[in-house]
Amino acid sequence: LNEECVRPKGSDENFVSKLVSVHKADAAFSTPRVGKMRELQFTISHYAGAVTYTTTGWLERNKDSISIDVVEMMQKSDNALISSVFGDGDEAPSAETGAKKAADTVATKFKNSLKELMDTIGKTDTQYVRCIKPNKNKSPKEVDNPMVVDQLRCAGVIEAIRISRAGFPARMPLKDFVQ
């Protein structure tokens with residue numbers, strides 16, 4: 001997506017075309033065979049089912065960046081939270097050249113944020129709490145069993161129980177396994 005954004009004649013159709021050429025051998029990736037929007041659509045089969053994406057406007061939204069003036073103003077804010085969110089001047093003009101650094105795209109910012117998150121998670125001993133909605137009515141004394149089972153299945157809990165019942169060991173660190 002970033003490559004297509006920096007190309008002078010980049011388009012949503014070219015982005016989908018590149019996805020098709022890169023992922024054509026992947027069984028989880030497909031494109032519609034017919035329809036007016038087929039050049040702008042692709043489908044990915046996730047664990048919970050197939051999801052079709054329509055890329056209309058993706059390049060424009062990915063280029064979405066905040067004006068450098070607004071960023072500088074927010075960085076100088078008296079509110080500590082706002083000034084920390086907008087960083088320490090990474091996008092400000094350089095003192096020597098006066099030139100402005102190219103602004104990151106939304107995808108680049110997301111990728112960097114995700115990398116930071118994964119680094120943080122990698123340094124912690126993570127435990128997850130799964131929240132299950134018992135019914136669509138938000139009623140305290142009503143349980144919709146098929147809805148609950150579907151949520152458990154999508155979260156991988158049912159499969160984990162099946163594996164545990166089959167006698168396979170739970171996950172353990174390699175060093176513990178070797179001992």
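Residues numbered from 1 in each chain as written. Predicted model: local features only at pLDDT ≥ 70, side-chain atom pairs only at ≥ 80, totals over all residues. Heavy atoms only, no water.

Draft legend 1. The overall build of the protein, seen in detail. Check the secondary structure of the protein and you find nine helices and three strands. The order of helices and strands in the protein, counted from the N terminus, is α-α-β-β-β-α-α-α-α-α-α-α. Within the span of the protein, comprising 179 residues, buried residues form 14% of the whole. Within the protein, counting contacts between residues at least 6 apart in sequence, those at least 24 apart form 33% of the total. Carbon and sulfur atoms provide 57% of the accessible area of the protein, an area that totals close to 14,500 Å². (Helix = DSSP H or I, 4+ residues; strand = E, 2+ residues; numbered from the N terminus. Buried < 20%, exposed > 50% of the residue type's maximum accessible area, 1.4 Å probe, protein only. Contact = heavy atoms within 4.5 Å. Areas by Shrake-Rupley, 256 points an atom, 1.4 Å probe, with all protein chains shown as cover.)

Draft legend 2. A look at the sheet that holds strand β2 (residues 41-46). Pairing is antiparallel in the open sheet, where three strands are placed in the order β1-β2-β3. Two strands in the sheet have a free side with no partner beyond their single neighbour: β1 (29-30) and β3 (49-54). Summarising the sheet, β1 and β2 pair through two bridges and their orientation is antiparallel. Bridging across to β2, S30 finds its partner in T43. (Pairing = 2+ DSSP bridges.)

Draft legend 3. Fine view of the pattern of salt bridges. For the structure shown, the criterion picks out two salt bridges. D119 is paired through a salt bridge with K115; the nearest N and O atoms lie 3.1 Å apart. Here D119 pairs with K115, and both are found in helix α6 (residues 106-122), just four residues apart, close to one helical turn. Judged by relative accessible area, K115 falls into the exposed class, the value being 53%. (Salt bridge = Lys/Arg side-chain N within 4 Å of Asp/Glu carboxyl O.)

Draft legend 4. Focus on the side chain of N135. Mapped onto the fold, N135 is located in the loop between α6 and α7 (145-154). We classify N135 as buried; its relative accessible area is 4%. Among the polar contacts listed, one links the side chain of N135 to the backbone nitrogen of N137, at a separation of 3.0 Å. Within the structure, N135 has its side chain in polar contact with the backbone oxygen of E142 (distance 2.5 Å). (Polar contact = N/O pair within 3.5 Å; in protein donor to acceptor, adjacent residues only side chain to side chain.)

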